[in-house]
Structures are given as structure tokens and as C-alpha cells.
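Observations on the model geometry
Read off the chains here:
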Number of protein chains: 2
Amino acid sequence: MVYKNKESMGRVTTHTVSISKARRTMAASLDEIVHNSRAVTDGLKKMYISKIKPLEKKYLFDEFHSPLLSEADFDAKPTVLMIGQYSVGKTSFIEYLLGQKFPGARVGPEPTTDRFMAVMYGDEERIVPGNALAVSPDLPYGGLSMFGTSFLNKFEASQVPCKQLEHMTVIDTPGILSGEKQRISRGYDFVQVAKWFAERADMILLLFDAHKLDISDEFQRVIEVLKGHDDKIRCVLNKSDQIDQQKLMRVYGALMWSMGKVMKTPEVMRVFIGSFWDQPLLFNDNAALFEKERSDLMSELRKLPHNAAIRKVNELVKRVRLAKVHAYLIGHLRDQMPMMIGKDRKQQELIATLPQVFREVQKKYNLPPGDFPS
Amino acid sequence: MVYKNKESMGRVTTHTVSISKARRTMAASLDEIVHNSRAVTDGLKKMYISKIKPLEKKYLFDEFHSPLLSEADFDAKPTVLMIGQYSVGKTSFIEYLLGQKFPGARVGPEPTTDRFMAVMYGDEERIVPGNALAVSPDLPYGGLSMFGTSFLNKFEASQVPCKQLEHMTVIDTPGILSGEKQRISRGYDFVQVAKWFAERADMILLLFDAHKLDISDEFQRVIEVLKGHDDKIRCVLNKSDQIDQQKLMRVYGALMWSMGKVMKTPEVMRVFIGSFWDQPLLFNDNAALFEKERSDLMSELRKLPHNAAIRKVNELVKRVRLAKVHAYLIGHLRDQMPMMIGKDRKQQELIATLPQVFREVQKKYNLPPGDFPS
């Protein structure tokens, strides 16, 4: 421990001070970004409700693709999904982000968080159970009903009157266990629920513990269902202050080695290295590095409302392209159907020649072939 | 640059002092290891020449598998093969290991080393050209003749009267270039030559440059032919002092990410991080880490003669298993051949039914199926 001198002790204090300072700066510059982002999403919402939704309804888009969007889907705040083995520090990480505790949070070395918990803004502290959340029209959790009561019993929201949560919601998840006990004990499909949240999240934080790095089979399966969302994934190598610099390099290297194998992208995943909780560092070797990493992570979180707005535009454009092709297809098929008799036979015939129908419609309306169902 | 204070300046001096101290310690403790290792290889050599070589000769093992072993193959010193893009610091690294310059070495930012160079012990400094090396009976380079004169013109030995080289030979290689120019300009198959050396090396050091990390296609092909030798490969992230700590983490992570994809092993490759030449560090952020890494690398090199002896035992056992099966097979086939006429027809017949012949011989002499040619 070469650095245990006055200078480094000073740095520990600086560490704690700069956290609260950074939180203040973050909150201030957020306001403008949030204002602009909200204008964008409001515009999208109006456009969807007046122009696109009627079309989707007419051509039964929701029966073929995905449910009609509700106002809550547009109003939903940017979401950060936290995923990691049990006891990696997910709940402590959220408390660190918020600068305060939240109701229902339990922290400990054994698996403590046994439920999905949406940590969100509320005027007063309270817990809202999952079944109530799923039917609440101004929350985007209606879709979770499909995972049944056994899941909804393990889902709740923790509402906190906290400045940070005005612009984002954080999803805490039960720690991933290793082996079969995961599947048996939960009573619902953890991986599929994680996937549902991942599709709707704006950032997915994978947390790893620097002093016991292990990627279980279950974790690997979760990472695999995240594959379409590579651009949203960030890693956090947490508790990095509990080992010395050389060990940290080894652990970090091992993490990159395994993640490189699991993720098929050539782009290297961003890993934030640090110790994300309000405690002084154990080893001070890397204090300067942790400070830089913390600041980088905070600036990514600051960009969240901005990126979320862009993502919503992108998703809606994608949806409109699909809905357009869908409408032309259904319209074309309806035109082919006889008025009175022979409906069944014609239907069979059209289904059998669907690829040819696709080509006809594509040619007739000059649509891009990539937008057709495959 | 937080650490640019008196303490870190002191550490730079310590860095340089500890290098020469470590070199002395290494040389001293080497003597015993080398003594034991030599006893082992001498025993192996006698055994091979008296018992195995006659059998291999009788059953033409060399025509089917690999050339008969010469005394030089046993006497050859442990070999370290250096591989890396051009200008990554391979030649400087060797000078650093030896603690001195060697004849023929050229160092610079452009591709300088344009040949394979065996840096080995000699009573006086001199260069020996490749064609001479290939026919020298006490050197293990006879096999290189198969790459032809165009290669042998680009191969030479640099002999130096240097304590370190009494127990190991280092192979410097031309820097790997990117793109097609590699293959066109060399006039020989770089990848195959690298493979030849890799098979005979006791350690393969892959050098990477921390301030311009790039794994070209050619480099990737080289890494792929090294695949059977994963256990011998070590990486060096060189010039790590030229960037700050956070950048170093990113580069190191990117290296592990790509190597994890290329290498199929779950075991994480050991990467030594540092700046391996006799110059003071540029950034001092990681001085303590570099010192530990340097010391780890040196201790791996110290174990080289020991590991080389074990490897030779292992290789010879492998060869004897092959030679035994080969002898039984050839013996069996010879027994089947008619004395006078119909030789050709019988030969055709035996070749056509080889898998069955294998099974017969395996059963008759109770040999392990894994030792048969596939």
C-alpha cells in the first residue's frame, strides 16, 4: 500500500464531497435536457394518437404485432435496469445514485432483494404492490400481466420523493443465483421477465463484483436474451476497492475475456470500474481512476432523457413502417376475399401463397422488402 | 497527473535499480534449475538414441510422422518466441531481457526487423546467416530448410556472450504488417514459419502496443495457428506507460475482449502490463503495478528451463506412443503382404480396408484407440 499517505487520505474526502457536488450539477443541467425531451415525446404521443392509432385499430395491428400504445408508454420516464448476481451491490448502487435510502430496500450478503422493484418518483414514500401496478393506467407495466400472478406477487414499486427520480426510474432485480435453484424457487421465468424489462429500458447496467467474479449459467442466459440491446448495455465492476491494483487488472481482464466470448459484437463493452456506494475506499490504489469512472458514468446517466427521447422516435418510426406494410397487406388480402361464398377456401389459398402475396403487395405499393414479416 | 511528486520520482529510480538487481537474482537461482533440467534431457537423449531411434528407423517412422530427432533437438535451449505487430517493441524487449544490445538489432518506428533472428549464446558477438544455421548439426534449425532459400535468406542468428542466453534462446520475428503487403513482400509463408517456431518454443510472447492496439487479420491468422499451444502463450501489453490509467484500463479491456473471442479456451490468458525497456516511465500512474508485473514475468522466465525439461519428457512420451502403434501397424501390414506375386493388389486391398486393419491391430496388441492415426 504505497499510497497511504496524507495526499490519498485527502483524496478520500474529495471523493465523498465530489459525489454530492456531482449530484447537484447533474440535477441542474438535467432540467434543460428533460424539458426538450418532454417536448419531443409529447409531439410523438399526439401524432400517434391522432394518425397512427386509428390505422392500427382498423387493420388489427395489435393482434399481429404488439399491443396498441397507451399514453403511459410515451410518458414513462427513462428506465435503468439493474442486473447482477445476488449480493453484487445493486440495491446499494441505487441508494448511491439517489443519495438516499428507499422504502423496501434490503441490503446484505445473502440474497436480500427477492423481487423486481421499480424505484420511481412519488410525492411520499410508499410501496405499491405489483398487481396494482399492472392495472394502473398511467404506468407502463400493463404488459407484465402476461407473466401471471406468481410474478406480480414478486413485483412492486418503491416511490420516493427524490429529485433524481423526477427524470428516471430504476428497476432493481432479484440477484441472479447459480444453478437450478433459480428456476425452481422463483415460480416465474426470470429470464423472460428480464427480457421484457430490457426491451423497454433505456440503459441496462450489468453489475459484477470485483472480489468474486463469477458468471453463472443463469447470468449467461440473461446476457444472451439481452443481445438485441447491446447498445444499451453498460457494465459496472463494483466493489473494485476491495482488491489491490494488480488483482483488479486480473479480474477486469477476466471479465472482458468472458464478455468478449458471450457478446458477439466487435465493439468493446464499456465497463465502469469503481466502488459505487457511500463508503470510503478500502484500497486506495485506484482512487483517481474510480473518480474518473464515476464521473463518466454520471455523465452517461445525465444523457439518459435525451437518449430516451431519441430511442422513442426511433421505435415509433420502426413501428410506423411495420404498421404501414401491415395495413397494405391486410387491405390487399381483404380485397381478394369473395363477398359471399367460398371464403374458407380462398383463405386457405391465400395463406398457402403468402410469400407471393408479399411480393405482389411490395411491388404494387413500392415498399421496402426488409419491412415485410419474414 | 496526481502522482508527479517526490515519492514517484523516487520510484522511477527504484524501477531502474530493481531491474538490474532482479537480473542478478534470476541468473543465480537459474543455475540449479538448469543443472537439474540438463540431467533430465541428457537422460532422455540417451534413451532415445539407444532404444527408440533404432525402432523408428526400422519402421520408417520419419517417413510417416516427423523426422528422426537429432542430438541438437535434445540439447536445444529453452526458446522464447516473440510475436507482434511491427514497432511494438520486440527488439527493445529482448535487449531489456538481456540487459544489453545484440548484433544485428535495429530499433525504430518503421518496420525495422525484417527477418527471423535467433538471439543465442556465443563466445563472441557475431551474426550467422540462415543457410549456415540450417545445416549446422548442433543447432535445431535443420527443419527450416523446408521453407526454402527465400526464407533462409531472411533468417539469421545473433550470437552474444551474455549470461541470460546461457539458458535460453530468444527468437525475434519481423513485425506483423496489416493487409496484403505482408504476404506479397515476404516471399515465404510467414504464418507457417511462425507455426514451426511455435511448435518448438517453450514460451510464446505476444506483444501488444498499449498506445496503438490493433489486431490485424495477419496477426489473427498467426494467433489461430498457435491454437494447439495455448498453454505456452503469454501476452505483454507493452508501452503501457505512454497512456494514463483510465486509458490503460480501456486498452487492456479491449485486448482481453478481442483475445477472448479469438482464443477458444475458458482459461483467461495472462497479460503482463508494463513498459519493457530501459527507459524511465512516461506516466507514473501505474509504476507499482508495472513493477509487480515485471517481477511476475521474470519469475515465469526463470521457470523456463524447468518447464522445458518437463515439456521434452512429455513430447518424447507422446512420440513413443505414436512410434509404438506405428511399428505394430507396419509390422502387421508387412505380415499380410504376399512373398512373391500379387503385391500391388494386396496393397490396394489393405489401403481400402485401413480402418478395419486399425481395429484388428488395436485388439491384437491391446493398444489405446486414441493413439491411432485418424
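What you see as residue numbers is a count from 1 along each chain, following the sequence as written. Chains carry letters from A onward and ligands carry numbers from 1 onward, assigned in written order. Owing to the predicted nature of the model, reporting of local features is limited to residues with pLDDT of at least 70; listing and counting of side-chain atom pairs is limited to 80 or more, with chain, interface and lining totals taken over all residues. Calculated side-chain values reflect all of the structure's heavy atoms, with hydrogen atoms and water omitted.

Under an unreviewed UniProt entry, chain A has the name Dynamin-type G domain-containing protein and belongs to Hucho hucho.

What about the pattern of salt bridges?
Every case where a carboxyl oxygen of Asp or Glu lies within 4 Å of a side-chain nitrogen of Lys or Arg is listed as a salt bridge. For the structure shown, the criterion picks out 42 salt bridges over all chains. A salt bridge links aspartate 75 of chain B to lysine 45 of chain B; its shortest N-O distance comes to 2.9 Å. With a gap of 30 residues between them, aspartate 75 of chain B in helix α3 (residues 71-75) and lysine 45 of chain B in helix α1 (residues 6-58) connect regions that are remote in the sequence. Exposure categories follow from relative accessible area, calculated using a 1.4 Å probe and restricted to protein chains: below 20% of the type maximum is buried, above 50% is exposed, and the middle band is partly exposed. Its relative accessible area of 14% is what places lysine 45 of chain B among the buried residues. Aspartate 209 of chain B is the partner of lysine 239 of chain B in a salt bridge, and the nearest nitrogen-oxygen pair spans 3.6 Å. Placement of lysine 239 of chain B in the loop between β7 (233-238) and α10 (245-262) and of aspartate 209 of chain B in strand β6 (residues 203-209) is noted, with a sequence separation of 30 residues between them. The pair lysine 239 of chain B / aspartate 209 of chain B is uniform in exposure class, with both members buried. Overlapping salt bridges bring together Asp114, Arg115, Lys154 and Glu156 of chain A as one network. Helix and strand definitions here come from DSSP, where helices need a minimum of 4 consecutive H or I residues and strands a minimum of 2 consecutive E residues; each element is numbered from the N-terminal end.

Details of the interface of chain A and chain B
Contacts are assigned to residue pairs with any non-hydrogen atoms lying within 4.5 Å of each other. Each partner contributes residues to the interface: chain A has 35 residues there, and chain B has 35 residues. Between chain A and chain B the total buried area reaches about 3,000 Å² when both faces are included, carbon and sulfur atoms providing 55% of it. The salt bridge partner of aspartate 244 of chain B is lysine 292 of chain A, with a shortest N-O separation of 3.8 Å. Definition of a polar contact: a pair of N or O atoms within 3.5 Å, with one able to donate and the other able to accept a hydrogen when the atoms are protein atoms, and with sequence-neighbouring residues admitted only if both atoms are side-chain atoms. For the pair chain A and chain B, the interface holds 20 residue pairs in polar contact (both at pLDDT 80 or more). For the side of chain A that touches chain B, the element with the most residues is helix α10 (residues 245-262) of chain A, which contributes 13 residues. All amino acids are sorted into three groups, where Ala, Val, Leu, Ile, Met, Phe, Trp, Tyr, Cys and Pro are nonpolar, Asp, Glu, Lys and Arg are charged, and the leftover types, Gly among them, are polar. Tallied by class, residues from the side of chain A that touches chain B come to 16 nonpolar, 7 polar and 12 charged. Accessible area that two parts lose when put together, evaluated with a 1.4 Å probe and summed over both, is termed the buried area.

Brief notes about a nonpolar patch on the surface
Taken together, the side chains of Val40, Val313 and Val317 of chain A present a nonpolar region at the surface, about 200 Å² in accessible area. By relative accessible area, valine 313 of chain A is classed as partly exposed at 31%. To count toward a patch, a residue needs a relative accessible area over 30% and no salt bridge; like charges are then connected within 9 Å, while nonpolar side chains (Val, Leu, Ile, Met, Phe, Trp, Tyr) are connected within 5 Å. Here, Shrake-Rupley sampling with a 1.4 Å probe gives the accessible areas, and only protein chains in the shown set may cover a residue.

Re the sheet that holds strand β3 (residues 126-129) of chain A
All names here are of chain A. Here we have 8 strands laid out as an open sheet, ordered β3-β4-β2-β5-β1-β6-β7-β8, and mixed in their pairing. Each end of this open sheet is capped by a strand with a single partner; those strands are β3 and β8 (271-273). For this sheet the average axis-to-axis angle between neighbouring strands, irrespective of direction, equals 25°. Two strands make a pair as long as DSSP finds a minimum of two bridges between them. Bridge analysis of strand β1 (residues 79-84) against strand β6 (residues 203-209) gives 5 bridges, and the strand direction is parallel. When the sheet's bridge partners are listed, leucine 81 is paired in β6 with isoleucine 204. Lines are fitted to the C-alpha atoms to define the axes, a helix being fitted only along its stretch in contact, and any angle between axes, read from their N-to-C directions, falls within 0 to 180 degrees. Each of β1 and β6 is contacted by helix α9 (residues 217-225), which is oriented at about 160° to β6, the strand it contacts most. Lying over the sheet, helix α11 (residues 287-302) contacts β1, β6, β7 (233-238) and β8, oriented at roughly 135° with respect to β8.

Thoughts on the side chain of lysine 239 of chain B
We classify lysine 239 of chain B as buried; its relative accessible area is 19%. If we ignore the near neighbours within four places in the chain, the residues touching lysine 239 of chain B are Ser87, Val88, Gly89, Asp209, Ala210, His211, Gly274 and Ser275 of chain B.

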